[in-house]
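A closer look at the structure
Residues per chain are reported as follows:
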Amino acid sequence: MNRGAVILTYLAAFILKPAADAVLPGHIGNGNLVLCLTIVLVFLYDEYVPIITTGTLFALLNDLVYGLYCGPEAVATFAVCVAIIAAKYFFNNENYVNASVVLIVSTWLEYTVEWAVYYAAGSTYTYGYALRGLPGSAAVNTAVGMIVYFVLYNRIRKKRYERLYR
């Protein structure tokens, strides 16, 4: 995937965030499109440095435009990317079950890192209060992430098999 396509895809995810948040009422269980895209792209592609950079910058932009504070989502996205790079050596990235497990665990890790950043900054929220929206968000992130994974995996699989027979 070239860099222009990555930036345009992240830009579309960033612009669609308010519409995606309006789909489910109550702000509990709303997915993070930038996080889903980052998880799937880092999990599938071997050239992950431009993806991590773009995902972290769009997470920072997401914090600037939609968040209360600047930085926690960007730090959490970067931590999730590092964890996915480590997990790529243990999980087969061509398996749908592994992709869904990585999406669920990455959503939990993103919530945990964001809470840790807020807690280190002096927030009085407890860990349980921070995780109150995790089940809904994990379900939405997994559903959206699996759709993105299915579309991108089919493109990658075709290109890999074409390279084998050249």
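The preceding data block contains the structure.
In this text the structure is predicted, and so the values were computed from the model without any measurement.

Before going further, it helps to examine the overall build of the chain. Helix and strand counts for the chain come out as eight helices and zero strands. Overall, the chain shows an N-to-C arrangement of helices and strands of α-α-α-α-α-α-α-α. Across the chain, every contact between residues at least 6 apart in sequence was considered, and the portion connecting residues at least 24 apart equals 72%. Carbon and sulfur atoms make up 69% of the accessible area of the chain, which amounts to about 9,400 Å² in all.

Applying the stated rule across the entire model yields one cavity of 30 Å³ or more. Considered as a void within the structure, the largest cavity measures approximately 30 Å³ in volume. In this structure, the largest cavity is lined by Ile39, Val40, Phe43, Ala99, Val102, Leu103 and Tyr149. Looking at the lining of the largest cavity, the elements that each hand over two or more residues are α3 (33-44) and α6 (96-120).

Another aspect to go through is the environment of Leu152. Here Leu152 lies in helix α8 (residues 134-164). Looking at Leu152, the relative accessible area reads 7%, which means it is buried. For Leu152 and Tyr45, which are 107 residues apart along the polypeptide, the C-alpha to C-alpha distance reads 9.7 Å.

Its place among the elements puts Ser100 in helix α6. Within polar-contact distance, the side chain of Ser100 engages the backbone oxygen of Val97 at 2.8 Å. If sequence neighbours within four positions are ignored, Ser100 has contacts with Thr142 and Met146.

Okay, the nonpolar core next. Counting residues in each nonpolar core, the largest one holds 30 residues, and the members touching the most others are Tyr10, Leu44 and Tyr149. Within the residue set of this core, elements represented by two or more residues are α1 (3-15), α3, α4 (49-66), α5 (72-88), α6 and α8. The element that contributes the greatest number of residues to this core is α3, accounting for ten residues.

Turning our eyes to something else, we now look at a nonpolar patch on the surface. A cluster of nonpolar side chains, namely Tyr89, Phe90, Phe91, Val97, Val101, Val105 and Trp108, defines an oily patch on the protein surface of about 770 Å² accessible area. Residue position: Phe90 is located in the loop between α5 and α6.

Turning to the side chain of Glu114, a few remarks are in order. The residue Glu114 is located in helix α6 in this model. The side chain of Glu114 is buried and forms no salt bridge, while Lys17, the nearest opposite charge, is found at 9.0 Å.

Here the focus is the packing of α4 against α5. The contact between α4 and α5 brings their axes to 7 Å, and the two run at 155°. As summarised for this structure, α4 and α5 are arranged roughly antiparallel, according to the angle between their axes. The two elements α4 and α5 meet at a crossing, and its hand is right-handed. Residues Ile52, Gly55, Thr56, Ala59, Leu60, Asn62 and Asp63 of α4 form the contact with α5, whose participating residues are Pro72, Glu73, Ala74, Thr77, Phe78, Cys81 and Ile85. Within the contact of α4 with α5, the residues separate by chemical class into eight nonpolar, four polar and two charged.

Reading the values: rules and limits
Residues numbered from 1 in each chain as written. Predicted model: local features only at pLDDT ≥ 70, side-chain atom pairs only at ≥ 80, totals over all residues. Heavy atoms only, no water. Helix = DSSP H or I, 4+ residues; strand = E, 2+ residues; numbered from the N terminus. Contact = heavy atoms within 4.5 Å. Areas by Shrake-Rupley, 256 points an atom, 1.4 Å probe, with all protein chains shown as cover. 1 Å grid on protein atoms, 1.4 Å probe; cavity = no way out; pocket = protein on both sides within 12 Å on 5 of 7 lines; lining within 4 Å. Points joined across faces, edges and corners; volume = space filled by probe spheres on them. Buried < 20%, exposed > 50% of the residue type's maximum accessible area, 1.4 Å probe, protein only. Polar contact = N/O pair within 3.5 Å; in protein donor to acceptor, adjacent residues only side chain to side chain. Core = buried A, V, L, I, M, F, W, Y, C linked by side-chain atoms within 4.5 Å. Patch = residues over 30% accessible without salt bridge, like charges linked within 9 Å, V, L, I, M, F, W, Y side chains within 5 Å. Salt bridge = Lys/Arg side-chain N within 4 Å of Asp/Glu carboxyl O. Lys, Arg positive; Asp, Glu negative; His and termini not counted. Axes fitted to C-alpha atoms, helices over the stretch in contact; angles between N-to-C directions. Parallel < 35°, antiparallel > 145°, perpendicular 65-115°, else oblique. Left-handed = near helix turned anticlockwise from the far one by under 90°. Nonpolar A, V, L, I, M, F, W, Y, C, P; charged D, E, K, R; others polar.

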